[in-house]
Amino acid sequence: TVVGFAISLLFHMTQTEVCPPSCNCKSLGEMKGLHVDCSSRQLTEVPALPVNTKRLYLQNNSLTSVPPGALDSLRSLEEVKIFDNPWNCDCHILYLKLWLEDVSAPSLANIRCANPAPVRMKPLRQLTGNELGICKRLLPIKCLEFFWRDLILIAGAIIALILVAWALKSSKKLVCQINLSQCDSREWLLGRH
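This section reports on the structure supplied with the text.

## Topic: the environment of Asn115
Okay, so step 1: Among the secondary structure elements, Asn115 is positioned in strand S6 (residues 113-115).
Okay, so step 2: Given a relative accessible area of 33%, Asn115 falls into the partly exposed group.
Okay, so step 3: Along the backbone, Asn115 and Asn88 are 27 residues apart, and their C-alpha atoms lie at a distance of 4.7 Å.
Okay, so step 4: The contacts of Asn115, once residues within four sequence positions are left out, are Trp87, Asn88, Cys89 and Arg120.
Okay, so step 5: A distance of 3.2 Å separates polar atoms of two side chains, one belonging to Asn115 and the other to Arg120.

In structure tokens:
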């Protein structure tokens, strides 16, 4: 219901504006944001973080992956330390890799995979699509829907162009045939046949 949605939204907003209980937060000055230190807390998942986080320390925990979208609200982030975690470098690590490439590319050099065995100790930034394994759903369903919709629209446009070209070619032949038949009728009328 609408009330339930509003309550959950309010709860989510208040939860992401306060310091997580498992972390230590320090103000960087008025209107400058927060330094959020969640390092060495044996965390197995990323807590809800304040949206005004400028510095985020999540190193030396037990994080294996980060759920897609978990860090998207941190738009004013300037520094991230997220190394020394047992990262499971399968399809689920892709969000973190892409997010770090956008937000803090140097951090990728310090993040090493713990699992699976073929990529153990390899830096996350060096992982290729082949090493991430066969990911059945790299793109969200909505992206795939747009892909198929766009593909159908392009195919439809190509078919329409082919039909228009064929129609133009046929109409040109028809005009020529009409012109020839008009010439033949005039000659017949004038008795020149």
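## Examining the pattern of salt bridges
Okay, so step 1: Scanning the entire structure with this criterion turns up four salt bridges.
Okay, so step 2: We note a salt bridge from Arg55 to Glu79, for which the minimum N-O separation is 3.7 Å. One end of the pair, Arg55, is in strand S3 (residues 53-57); the other, Glu79, is in strand S4 (residues 79-81), and 24 residues separate them in sequence.
Okay, so step 3: Note that Lys97 is salt-bridged to Glu101, the shortest N-O span being 3.0 Å. Remark: Glu101 and Lys97 occur in helix H2 (residues 94-103); sequence separation between them is four residues, near one turn of the helix.
Okay, so step 4: If you follow the salt bridges from partner to partner, you end up with Arg55, Glu79 and Lys81 in one network.

Calculation notes
Residues numbered from 1 in each chain as written. Predicted model: local features only at pLDDT ≥ 70, side-chain atom pairs only at ≥ 80, totals over all residues. Heavy atoms only, no water. Helix = DSSP H or I, 4+ residues; strand = E, 2+ residues; numbered from the N terminus. Buried < 20%, exposed > 50% of the residue type's maximum accessible area, 1.4 Å probe, protein only. Contact = heavy atoms within 4.5 Å. Polar contact = N/O pair within 3.5 Å; in protein donor to acceptor, adjacent residues only side chain to side chain. Salt bridge = Lys/Arg side-chain N within 4 Å of Asp/Glu carboxyl O.

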